[in-house]
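This is what each chain is made of:
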Amino acid sequence: GVESGVKMADAMSLEIAAEHERILREIESTDTACIGPTLRSVYDGEEHGRFMEKLDARIRNHDREIEKMCNFHYQGFVDSITELLKVRGEAQKLKGQVKDTNKKLQEEGTEMLKTMDELKQCRLQQRNIATTIDKLMLCLPALEMYNKLREQMKSKRHYPALKTLEYLEHTYLPRVSHYRFCNIMVENIPKLREEIKDVSMSDLKDFLESIRKHSSKIGETAMKQAQHQRNLDNIVAQPVRTGSGKKSKKDAFKVFNMEDMSSS
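Note that this is a predicted model, so its numbers are computed, not measured.

1. Focus: the overall build of the protein
Part 1: When its secondary structure is counted, the protein shows seven helices and zero strands.
Part 2: Reading the protein from its N end, one meets helices and strands in the order α-α-α-α-α-α-α.
Part 3: Considering the protein as a whole, with its 264 residues, one finds that 12% of them fall into the buried category.
Part 4: Accessible surface computed for the protein: about 21900 Å², of which carbon and sulfur atoms make up 59%.

Rendered as structure tokens:
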């Protein structure tokens, strides 16, 4: 009976040891948030003292493994720290270089933006100048024609002035009709036409008045010229005598000169 009791005790001991081992494995592999029910099962039993011994032994075993692992990797850890410190120094140096490069880039970028703004302004001015030149080239023929009209009016060339005015009105001004100076010219065209008409009539009246004043003198001069022409025709119509051709010609020139003197 004693032997069977010992065997039962050994069996229970083995069973408890297996249960403790299972619980230890569960503790090692389970999240700490879920470990409460596992520990409760330990304290519900009667062998929690033996479990604590096994737990302490397991902890010491893990401590030895950790120490062994740390000793094995210590030199590599020291070398890594040393390399990390070197990298840190290089990183600080690289950071300084990046700061300097960024500062230079910002300064040069600011200068470049300023230059770009100036270039943009120059491009705008160049485009405006080119546009102005094109517009002036379009307006220039009309302005030249208007100046020609003024010159013709000033020199009292009335008929050419009227032709120029017609060209200006129907050909040149419609091309630049959207400019204000063109509208002013268009408004002045009737005035210019009336001015040419008035000046032409005034010149015509002056001419007719001058003819009226000098009509007697003109008639006298016309009669002298007619008489002179008749005398010349008579001289030319006289027959040329033989041997006296030179004398007749000389006499003809003498008569001609005397008539010229009398008429002057």
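2. A few points about the nonpolar core
Part 1: Counting 17 residues, the largest nonpolar core has Leu149 and Leu173 as the members making the most contacts within it.
Part 2: Of all elements in the fold, only helix H3 (48–154), helix H4 (158–172) and helix H5 (180–213) reach the threshold of two or more residues within this core.
Part 3: It is H3 that contributes the most residues to this core, six residues altogether.
Part 4: Other than its neighbours up to four places away in sequence, leucine 173 contacts Ala142, Leu168, Cys182, Met185, Val186 and Ile189.

3. Things to note about the state of the cysteines
In protein chemistry, a disulfide is the covalent bond that joins the sulfur atoms of two cysteines.
Part 1: This model, assessed by the stated rule, comprises zero disulfides.
Part 2: Residue cysteine 182 stays outside any disulfide, its sulfur separated by 8.5 Å from that of cysteine 139, the closest cysteine.

4. Quick word on the confidence of the model for the protein
Part 1: Residue-level pLDDT values for the protein average 78, and 78% of them are 70 or greater.
Part 2: Segment residues 240–250: pLDDT under 50, and one contact once partners within four positions in sequence are set aside and those in other chains are kept.
Part 3: For residues 252–264, every residue scores under 50 in pLDDT, and the model assigns this stretch nine contacts once sequence neighbours within four places are set aside.

5. Side note on the packing of H4 against H5
Part 1: The contact between H4 and H5 brings their axes to 10 Å, and the two run at 170°. For the element pair H4 / H5, the angle class is roughly antiparallel. Note on element contacts: H5 touches H4 through Ile189, Leu192, Arg193, Ile196, Val199, Ser200 and Asp203, opposite His158, Ala161, Leu162, Leu165 and Glu169.

6. Here we look at the packing of aromatic side chains
Part 1: Applying the stated criterion across every chain yields a total of one aromatic pair.
Part 2: Ring geometry for tyrosine 179 against phenylalanine 181: centres 6.0 Å apart, planes inclined by 25°, an arrangement best described as stacked.
Part 3: With relative accessibility at 26%, the residue phenylalanine 181 sits in the partly exposed group.

7. Observations concerning a nonpolar patch on the surface
Part 1: Together, Tyr74, Phe77, Ile81, Leu84, Leu85 and Val87 line one region of the surface with nonpolar side chains, adding up to about 620 Å² of accessible area.
Part 2: Along the chain, leucine 84 turns up in helix H3.

8. What to know about the pattern of salt bridges
Part 1: Counted under the stated rule, the structure contains two salt bridges.
Part 2: When the shortest N-O distance is used, the salt bridge between lysine 156 and aspartate 203 registers 4.0 Å. Here lysine 156 is found in the loop between H3 and H4, whereas its partner aspartate 203 is found in helix H5, with 47 residues between them in sequence.
Part 3: By relative accessible area, which is 51% here, lysine 156 ends up exposed.

9. As for the environment of phenylalanine 51
Part 1: Inspection of the secondary structure puts phenylalanine 51 in helix H3.
Part 2: When its relative accessible area of 1% is taken as the criterion, phenylalanine 51 is described as buried.
Part 3: A C-alpha to C-alpha distance of 9.1 Å links phenylalanine 51 and isoleucine 16, two positions 35 residues apart in sequence.

10. Describing the side chain of arginine 58
Part 1: Within the secondary structure, arginine 58 sits in helix H3.
Part 2: Contact partners of arginine 58, with chain neighbours within four places excluded, come to Glu21, Leu24 and Glu28.

Cut-offs used in this document
Here the residue index of a chain counts from 1 through its sequence in written order. A pLDDT threshold of at least 70 governs which residues receive local features in this predicted model, and a stricter bar of 80 or more applies before side-chain atom pairs are shown or counted, although totals over entire chains, interfaces and linings include all residues. The side-chain numbers reported here are obtained from all heavy atoms of the structure, hydrogens and water having been left aside. For helices the rule is a DSSP run of H or I covering at least 4 residues; for strands it is a run of E covering at least 2, with both sets numbered from the N terminus onward. The buried label goes to any residue with under 20% of its type's maximum accessible area, the exposed label to any with over 50%, and the partly exposed label to all in between, with areas taken from a 1.4 Å probe on protein chains only. Surface accessibility in these figures is a Shrake-Rupley result with a 1.4 Å probe; residues are shielded only by whichever protein chains are displayed. As used in this record, nonpolar core signifies buried Ala, Val, Leu, Ile, Met, Phe, Trp, Tyr and Cys residues forming a set joined through side-chain atoms within 4.5 Å. Residue contacts are counted whenever heavy atoms from the two residues lie within 4.5 Å of one another. Pairs of cysteine sulfur atoms within 2.5 Å are what we label disulfides. Scored from 0 to 100, pLDDT records how confident the predictor is in each individual residue. A fitted line through C-alpha atoms serves as each axis, taken over the contacting stretch for helices, and the angle formed by two N-to-C directions is quoted from 0 to 180°. The cut-offs work like this: below 35 degrees is roughly parallel, past 145 is roughly antiparallel, 65 to 115 is roughly perpendicular, and the gaps in between are oblique. Any pair of Phe, Tyr and Trp rings, taking the six-membered ring for Trp, is counted once the centres come within 6.5 Å. Such a pair is stacked with planes under 30 degrees apart, edge-to-face with planes over 60 apart, and tilted for the rest. Two distance rules govern patches: like charges are joined within 9 Å, and nonpolar side chains (Val, Leu, Ile, Met, Phe, Trp, Tyr) within 5 Å, applied only to residues with over 30% relative accessible area and no salt bridge. Counted as salt bridges are all cases of a side-chain nitrogen of Lys or Arg within 4 Å of a carboxyl oxygen of Asp or Glu.

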